[in-house]
Amino acid sequence: MSDPVKMLMEMTDETVSAKHIAPILKMNPSVIVKYAKDGTWDADRLGNFVISGGHVKFFRKDFLQKCGFMEPEKEEDPTREILTMLGKMLEGQSTIMRALSLMLDHQMKEKTAGAGTLTD
C-alpha cells in the first residue's frame, strides 16, 4: 500500500481536498477539481464529493471504499438492537411482577395475622 493511501486511511476527516487523493490517482489536484465541477468526475467509481463555493471536498471513506482500499462499513443489524430493547423491557416487567407479588404476599400475611381465632 502506498504512503498516500496509508496517510488517507489514517486521517479522521470526513472530507478531504483533491490534493490528498491526487497522488493516489496520479493526477494533478486542479484537474480533479475541474472534473468535479464540470461533471466529468465518476462519483460511482471514484467517490462522492461536495462543492461549497469554490472548494471541492471529497468524502474520504467513500473514495477509499470505491477504489478498493477499504471494506465498506457494515450497517448494524436493527433486529439485534430491537431484541436487546425487548429483553430490557421484559427484565423490567419481571421486576415489577416480583415486586407486586411480594406486596400481595405481605398484604395476605397482614390480613391472616389480624384475623385471629374466634371463640364462642
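Below is a short write-up of the structure. Please read all numbers here as calculations on a predicted model, not as lab measurements. The residue numbering used here restarts from 1 in each chain and proceeds along that chain's sequence as written. Two thresholds apply to this predicted model, a pLDDT of at least 70 for residue-level local features and 80 or more for giving and counting side-chain atom pairs, whereas whole-chain, interface and lining totals are computed over all residues. The side-chain numbers reported here are obtained from all heavy atoms of the structure, hydrogens and water having been left aside.

## Overview of the environment of Glu73
- Helix and strand labels come from DSSP, where a helix needs a run of H or I of at least four residues and a strand needs a run of E of at least two; each type is numbered from the N terminus. Relative to the assigned elements, Glu73 resides in the loop between helix H5 (60–66) and helix H6 (78–115).
- Classification of Glu73 by relative accessible area gives exposed; the value is 53%.
- Along the chain, Glu73 and Thr12 lie 61 residues apart, while their C-alpha atoms are 15 Å from each other. Burial here depends on accessible area, computed with a 1.4 Å probe over protein chains only, as a share of the maximum for the residue type. Under 20% is buried, over 50% is exposed, and the range in between is partly exposed.

## Here we look at the packing of aromatic side chains
- Put simply, two rings from Phe, Tyr or Trp (the six-membered ring, in Trp's case) pair if the centres are within 6.5 Å, and we call them stacked under 30 degrees between planes, edge-to-face over 60, tilted for the rest. Counted according to the given criterion, the structure contains 2 aromatic pairs.
- Ring centres of Phe49 and Phe58 lie 5.9 Å apart, and the angle between their planes is 45 degrees; this geometry places the pair in the tilted category.
- Accessibility expressed as a relative area gives 26% for Phe49, which makes it partly exposed.
- The exposure class of Phe58 is buried, given its relative accessible area of 1%.

## Examining the side chain of His20
- Residue placement: His20 occurs in helix H2 (residues 18–25).
- Owing to a relative accessible area of 19%, His20 belongs among the buried residues under this scheme.
- In what follows, a contact means two residues having at least one pair of non-hydrogen atoms within 4.5 Å. Setting aside its immediate chain neighbours within four residues, His20 contacts Met7, Leu8 and Met11.

## Brief notes about the pattern of salt bridges
- Should a side-chain nitrogen of Lys or Arg be within 4 Å of a carboxyl oxygen of Asp or Glu, the pair is scored as a salt bridge. Across all of its chains, the model carries 3 salt bridges by this definition.
- Note that Asp42 and Arg45 form a salt bridge whose closest N and O atoms lie 3.7 Å from each other.

## Comments concerning the nonpolar core
- We define a nonpolar core as any set of buried Ala, Val, Leu, Ile, Met, Phe, Trp, Tyr and Cys residues linked to one another through side-chain atoms lying within 4.5 Å. Leu8, Ile21, Ile32, Trp41 and Phe58 are the most contacted members of the largest nonpolar core, which has 18 residues in total.
- Elements supplying a minimum of two residues to this core: helix H1 (3–10), H2, helix H3 (29–38), helix H4 (43–46), strand E3 (55–59) and H5.
- Examining the composition of this core, we find that 4 residues originate from one element, H2, more than from any other.
- In this view, Ile21 contacts Leu8, Val16, Ile32, Trp41, Phe58 and Phe63; residues no more than four positions away in its chain are not counted.

## Focus on the pairing of E3
- Burial along E3 is one-sided: the face carrying Val56 and Phe58 is buried and the face carrying His55, Lys57 and Phe59 is not.
- Criterion used throughout: strands pair if DSSP finds at least two bridges between them. From the end of strand E2 (residues 49–52) to the start of E3, which pair antiparallel, there are 2 residues, and Gly53 there has a positive phi angle of about 65 degrees.

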